[in-house]
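# Structure assessment
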Amino acid sequence: MKKLLFALLSVFVMALFFASCNKYEESMYNKSGYQIKYIWYKSNSGLPNETFTYNKKKLLTNIDIVDSSNMNNIRGESFEFTYNKDKTVQSISYTDGELTETVTFSYLNRYVKYMNYTINGEVRMTSNFYRDDEKAAKITRIVEIYDRQFFEDMQIFTKMKLFPRFIGDMETVKEMAAAGSKDLAIYCNKNITYEGENIVKIEADYPVLRKSYVTTQTYSEVLNPYYGLNYCYADDLLGFSKNAVKSKVVSNFFDGNPSTSIQTDYDYKDVNKDNYPRMYTYTTNKNPDIYFKTYITYVSEYKD
């Protein structure tokens, strides 16, 4: 059964293959040079919730996460990055002794061609990346393929740490796995639209659920502190846009008919001289009176 699934995934990868010959480096560093050092949520006192570590080449090597449920602030997950000789990302991994999650990247001429997500060495999900033409660096389509039988085990979701951070929405994957499909692989198709250097629309279609999601985004003049950290955030391809998101609307559809819609609005504060925010808040139309805060310290501005 595993051999059949692997063969099926291989067929998908070859059938959906597309790559570019243009020079483009998908390294894990902020394109502005403003590298993030610490991130706090709610308050910028105490240990940071996320710590970013870089090597001498200014490439991100680790993201360490504080376990917010631990009253002693003992660190939780640590995600490790490795690189190819040309500085493109080779892998992102996390292990807790029982489970080893790894994302590996394959390239052609410095473009990501596809990405594999493995658990304990077994491929459980593959993403295939499309671009419009040989001169385009912007990703315009992603096809995600999941091992249905593996993800039917709901217990695995309680153990996965890397997946929700770097891959995607676990709740939607749970729905897909439980949908009763007889196919060995289930998939999602995402179409991506840019305006200038920013992603303005993501259309995600989940055929097995008869659902689709359309995310539309407007942008602030403030610059995006996550720009260039392309594979650090699963949240709406956060690292791919040059400017910071001002407003995001996620509209849900069932059989093509609209169902629910959630809007998130962002407000950027304490902007530095190069137009990068040190703090921002956001709120949603579901809970308009609740403001969520994020504080950022950059490497170049950090003082012991």
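Residues numbered from 1 in each chain as written. Predicted model: local features only at pLDDT ≥ 70, side-chain atom pairs only at ≥ 80, totals over all residues. Heavy atoms only, no water.

### With respect to the overall build of the protein
Let me state the cut-off plainly: Only DSSP runs of H or I with at least four residues qualify as helices, and only runs of E with at least two residues qualify as strands; both kinds are numbered from the N terminus onward. Summary of the burial criterion: residues with accessible area below 20% of their type's maximum are buried, those above 50% are exposed, and those between are partly exposed, where the area comes from a 1.4 Å probe applied to protein chains only. For this analysis, residues touch if any pair of their heavy atoms sits within 4.5 Å.
Counting its secondary structure elements, the protein contains four helices and 16 strands. Counting every position in the protein, which comprises 304 residues, the buried fraction comes to 50%. If you take every contact in the protein between residues at least 6 apart in sequence, the share linking residues at least 24 apart comes to 48%.

### A short note on the side chain of T294
Here T294 shows up in strand 16 (residues 292–298). Judged by its relative accessible area of 2%, T294 is buried.

### Focus: the packing of aromatic side chains
The line we're drawing: We call Phe, Tyr and Trp rings a pair once their centres come within 6.5 Å, taking the six-membered ring for Trp, and we label the pair stacked below 30 degrees between planes, edge-to-face above 60, and tilted otherwise.
Applying the stated criterion across every chain yields a total of 19 aromatic pairs. Plain terms: the ring middles of Y146 and F151 are 5.9 Å apart, the flat faces sit at 75° to each other, and that makes the pair edge-to-face. Judged on exposure class, the residue Y146 and its partner F151 are both buried. A ring pair is formed by Y276 and Y298, whose centres lie 6.3 Å apart and whose planes are at 70°; its orientation type is edge-to-face. In this pair, Y276 sits in the loop between strand 14 (257–271) and strand 15 (277–284) while Y298 sits in strand 16, placing the two residues 22 residues apart along the sequence.

### Description of the nonpolar core
Inclusion rule: We call a set of buried residues a nonpolar core when its members are Ala, Val, Leu, Ile, Met, Phe, Trp, Tyr or Cys and they connect through side-chain atoms within 4.5 Å of each other.
Of all hydrophobic cores here, the largest spans 70 residues; its most connected members are I92, Y117, F151 and M160. Sort the elements by how many residues they give to this core and strand 11 (residues 198–206) lands first, with five residues.

### Topic: empty space enclosed by the protein
Here is the rule we go by: The way it works is a 1 Å grid over only the protein atoms, where trapped points that fit a 1.4 Å probe form a cavity and open points with protein on both sides within 12 Å along at least five of seven lines form a pocket, and then any residue with an atom within 4 Å of a point lines it. Grid points are joined across faces, edges and corners, and a volume is the space filled by probe spheres set on the points.
For the structure shown, the criterion picks out one cavity of 30 Å³ or more. Its boundaries defined by the atoms lining it, the largest cavity holds a volume of some 30 Å³. Q217, Y219, N224, D236, L237, L238, S241, N243 and V245 together form the lining of the largest cavity. If you list the elements that add at least two residues to the lining of the largest cavity, you get strand 12 (211–223) and strand 13 (243–254).

### Regarding helix 4 (residues 170–177)
Operational definition: The arc refers to the directions leading from the helix axis to the C-beta atoms. What qualifies as a polar contact is a pair of N or O atoms within 3.5 Å, subject to a donor-acceptor requirement within protein and to the restriction that residues adjacent in sequence count only when both atoms come from side chains.
By the burial criterion, the buried members of helix 4 are M170, T172, V173, M176 and A177. When helix 4 is viewed along its axis, its buried side chains cluster within an angular range of 160° and face the same direction. On the buried face of helix 4, the contacting elements are strand 9 (139–147), helix 2 (148–151), helix 3 (162–167), strand 10 (185–195), strand 11 and strand 12. Between the side-chain oxygen at the start of helix 4 and the backbone nitrogen of E171 there is a gap of 3.0 Å, and the oxygen is on D169.

### Some words on the pattern of salt bridges
Applied cut-off: When a carboxyl oxygen of Asp or Glu is within 4 Å of a side-chain nitrogen of Lys or Arg, the pair counts as a salt bridge.
By the definition in use, this model includes 14 salt bridges. Put simply, K269 and D267 hold a salt bridge, and the shortest N to O gap is 2.8 Å. Using a relative accessible area of 35% as the deciding quantity, one classes K269 as partly exposed. Several salt bridges converge on common partners, so that one network encompasses D270, R278 and E301.

### Quick look at the environment of I192
With respect to the helices, strands and loops of the structure, I192 is situated in strand 10. Along the chain, I192 and T215 lie 23 residues apart, while their C-alpha atoms are 9.6 Å from each other. Ignoring anything within four residues of it in the chain, the contact list for I192 reads I139, T140, R141, I142, I199, K201 and L237.

### Let's talk about unusual backbone geometry
Of note, the phi angle at K42 is positive, near 75°, even though the residue is not glycine. Structurally, K42 can be placed in the loop between strand 1 (36–41) and strand 2 (50–54). According to the relative accessible area criterion, K42 is exposed, its value standing at 72%. With a phi angle near 75°, N275 is a residue other than glycine that sits in the positive phi range.

### Comments concerning the pairing of strand 16
Basically, it comes down to this: Only strands joined by at least two bridges in the DSSP assignment are considered to pair.
With five of seven residues buried, strand 16 lies mostly within the body of the structure. Where strand 1 lies against strand 16, five bridges are found, and the strand directions are antiparallel. Counted as the bridge partner of Y41 is T294 from strand 16. Sheet analysis places strand 15 next to strand 16, joined by four bridges and oriented antiparallel. Bridge pairing links M279 to Y295 in strand 16.

### Some remarks on the pairing of strand 15
Taken across its eight residues, strand 15 has six buried, putting it largely inside the fold. Of the strand pairs in this sheet, strand 14 and strand 15 are connected by seven bridges, and their pairing is antiparallel. Its bridge partner being in strand 15, Y266 is matched across the sheet by Y282. In sequence, strand 14 turns back onto strand 15 through a hairpin of five residues, with N275 there showing a positive phi of about 75°.

### Some remarks on the confidence of the model for the protein
To keep it simple, the criterion reads: Note: pLDDT gives the predictor's confidence per residue, expressed from 0 to 100.
Summing up the model confidence of the protein, the mean pLDDT is 83 and the portion of residues at 70 or higher is 84%. This model gives residues 1–24 a pLDDT under 50, and the stretch forms 53 contacts once residues within four places in sequence are excluded.

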